[in-house]
Amino acid sequence: MSDLVLELNNLQTHFFTDSGEVPAVDGVSIKVHKGEVVGIVGESGCGKSVTSLSVMQLVPTPPGKIVGGEINFKGENLVNTSEKRMKKIRGNEISMIFQEPMTSLNPLFTIGNQLREAIRIHQKINKREARSKAIDMLRIVGIPRADAVIDEYPHQLSGGMRQRVMIAMAMSCNPELLIADEPTTALDVTIQAQILDLMRNLNDEKDTAILLITHDLGVVAEICDRVVVMYSGQVVEEGTTREILKDPKHPYSKGLIKSLPKIHEREQKLYSIPGTVPKPKMGRVGCRFAPRCEFAFDRCFQEDPELYSIENDRLSRCFLYDQKEGDRTENAEANIGS
Amino acid sequence: MQKPILEVSGLKKYFEIKGGVFGKKVGEVKAVDGISFSVMEGEILGIVGESGCGKSTAGKSILRLIEPSAGEVKFENKDITNLSAEEMRKLRRNMQIIFQDPYASLNPRHTVEKIIGEPLQIHGMSSAKERKERVKELLEVVGLSAYHASRYPHQFSGGQRQRIGIARALANNPKLIICDEPVSALDVSVQSQILNLMEELRDEFNLTYVFIAHDLSVVKHISDRVGVMYLGRMVELTDKDKLYDDPKHPYTQALLSAVPLPDPDIAKDRIILKGDVPSPSNPPAGCAFHTRCPHAMDICSKVRPEFEEIEDNHFVACHLYGEVQ
């Protein structure tokens, strides 16, 4: 296996609010290798964005705090690293693209100004060199008239162009890891296709590892190598993109995939998971998904399931995959498969 | 043949841009630039397009929530564009709308009972007791419980709020409901619940929907016919199967090929469009799509293509299929 870039080990990020402690990320372990694209999927409130912010040490503190676990970036634990060291890592070795290209650029500065700032913080080059490097970066991400756009302000660009600028900025220091938090959610499908195409090229050419956070399984199929499914602050399933989309094991992933309207098939009625996504709460016992799960049995409400290994690197947090459940596992295989 | 419940012809909505010291008109945004279609009784017509293509403006102009600039809207064979405000108000009990944002479209200071009861009161149900009964009934129809009536919107999740929005639209037994992106703010697992609910309601109450959305898979799932809009114009309109299996307009083809599918086995020839959608305040001459079209010809930048029926029930606005090829 290629070398490990990022390893989250039982990461716990909790928020301390007036109404109590909220375990937004509740023991998440994820590995990202060099040149790999890993997707984190889940619905709103499952903790996928907080996971990515934790890696960058950007969780607003207070109320949020990493209360346990490790974030190993190339062998260095980022939890409790000094802010000075984090500043060196952020934007240089790990970059991040946010969902809203509209709000992540400063409206008062030109595109060039903001790109140059990012470049000059991490590289010792003069202003003129930084400018020409910024123009190069804009060309790489496919912005027409790059030498004119560099002197324009964010409001003069469209959403797709702004997201390209964000990618240019994120890639300008050749990071080893790019974290993209819903990079195409605010964009139209034709523009989304352009941006995904661009990210795939950057991944191919520069071998940058990408951690992609999304709720769109279509985007996952498009670009990811491996997928982690999250539910209520926990990883519930992990596997390759093909395994997850074609043969999901956990009842939640199964339901999620079945409830998507398909563009190439006709069906009378959509499958739907009953109930709604629960809010994370402290001291909850049992499987988080059990109240909505059609396969739930007594044990699901009494004990916390662990991530059971089905095959190599194929994990599912469901008692149905516990060897101890013997018969039930076989029945479930038959049932869930149907 | 069913009879059309809604006929729209040449509908236009231009927004004025004012500027300068005296607030003079300096231009206009052609949000909807002459669209025509009809909706049959009991049908679900989907309208898709990217942001800024005018699909929401079209929906609101049909109900005259925004006053259209030109064109005709006929509801049950009656032209409604010239009705007085009072007549329009009476008519609106038959034409309702469901909005996109379930967080913004419900008044946070009113209880659910007041929210759903208000349209009942406006349209003549004066007895408070009757209203209370009807509200309970409606809540149960949309899958909530009667005891929810005394709660406030912030106590509900997004999916539940959208159910309240649907109950409010259903309150006066409308015939036509315009659904403006009703599921795009919802999570996948909740989205499918709402889509199923809307289909059940259609069958139960014989409703007609105009379903506006940007998600092509959702529109495919729920609609009978689908219209595609680009920059204020309708570029293609046909049965959903025909549209998805055999799209004619180059924009529809590109749009369909750009949808990422959650299936690693489908190999795709993706048509990646260059550039961005032009501004509707200064749309390109001729065919609005010619600046990004892979098949653009000379004529495309000069003459606006007519919206014509090239096959049975398959309307396309493109010179590739015109006589002047």
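Given the structure is predicted, the values throughout are model-derived calculations rather than measurements.

**Structural notes on the overall build of chain A**
Next, step 1: Summing up its helical and strand segments, chain A has twelve helices and twelve strands in all.
Next, step 2: Computed over its C-alpha atoms, the radius of gyration of chain A comes to 21 Å, within 12% of the 20 Å expected for a compact globule of 338 residues.
Next, step 3: Each of the 338 residues in chain A was classed as buried or not, and the buried ones make up 55%.
Next, step 4: If you take every contact in chain A between residues at least 6 apart in sequence, the share linking residues at least 24 apart comes to 61%.
Next, step 5: Accessible surface computed for chain A: about 14,900 Å², of which carbon and sulfur atoms make up 47%.
Next, step 6: Positive and negative side-chain charges of chain A, numbering 42 and 47 respectively, have mean locations separated by a distance of 6 Å.

**A short note on the UniProt feature "domain: ABC transporter" (unreviewed entry) in chain A**
Next, step 1: With numbering matched to this structure, UniProt assigns "domain: ABC transporter" (unreviewed entry) to residues 6–257 of chain A.
Next, step 2: Across residues 6–257 of chain A one finds 38% helix and 28% strand; the C-alpha atoms that close the span lie 28 Å apart.

**Re unusual backbone geometry**
Next, step 1: Going from A:Thr61 to A:Pro62, the amide bond is cis rather than trans, its omega being -25°.
Next, step 2: Looking at the element boundaries, A:Pro62 is found in the loop between helix 1 (48–55) and strand 4 (64–73).
Next, step 3: A cis amide bond, omega 10°, links A:Pro62 with the succeeding residue A:Pro63.
Next, step 4: In this structure, A:Pro63 sits in the loop between helix 1 and strand 4.
Next, step 5: Positive phi, close to 55°, is recorded for A:Gln57, a residue that is not glycine.
Next, step 6: Assignment of secondary structure puts A:Gln57 in the loop between helix 1 and strand 4.
Next, step 7: Positioned with a positive phi, B:Arg64 is a non-glycine residue whose angle comes to about 60°.
Next, step 8: Tracing the backbone through its elements, the reader meets B:Arg64 in the loop between helix 1 (55–62) and strand 4 (70–75).

**Things to note about the pattern of salt bridges**
Next, step 1: In the structure shown here, the tally under the stated rule is 33 salt bridges over all chains.
Next, step 2: Residue B:Lys248 is joined to B:Asp246 by a salt bridge in which the shortest nitrogen-to-oxygen separation is 3.2 Å.
Next, step 3: A relative accessible area of 34% means that B:Asp246 is categorised as partly exposed.
Next, step 4: A single network of salt bridges, built from pairs that share partners, joins A:Asp26, A:Arg288 and A:Asp304.

Parameters at a glance
- Residues numbered from 1 in each chain as written.
- Chains lettered and ligands numbered in written order.
- Predicted model: local features only at pLDDT ≥ 70, side-chain atom pairs only at ≥ 80, totals over all residues.
- Heavy atoms only, no water.
- Helix = DSSP H or I, 4+ residues; strand = E, 2+ residues; numbered from the N terminus.
- Rg over C-alpha atoms; globule rule 2.2 N^0.38 Å.
- Buried < 20%, exposed > 50% of the residue type's maximum accessible area, 1.4 Å probe, protein only.
- Contact = heavy atoms within 4.5 Å.
- Areas by Shrake-Rupley, 256 points an atom, 1.4 Å probe, with all protein chains shown as cover.
- Lys, Arg positive; Asp, Glu negative; His and termini not counted.
- Charge placed at Lys NZ, Arg CZ, Asp CG, Glu CD.
- UniProt positions renumbered as here; feature names shortened; annotations may be inferred.
- Salt bridge = Lys/Arg side-chain N within 4 Å of Asp/Glu carboxyl O.

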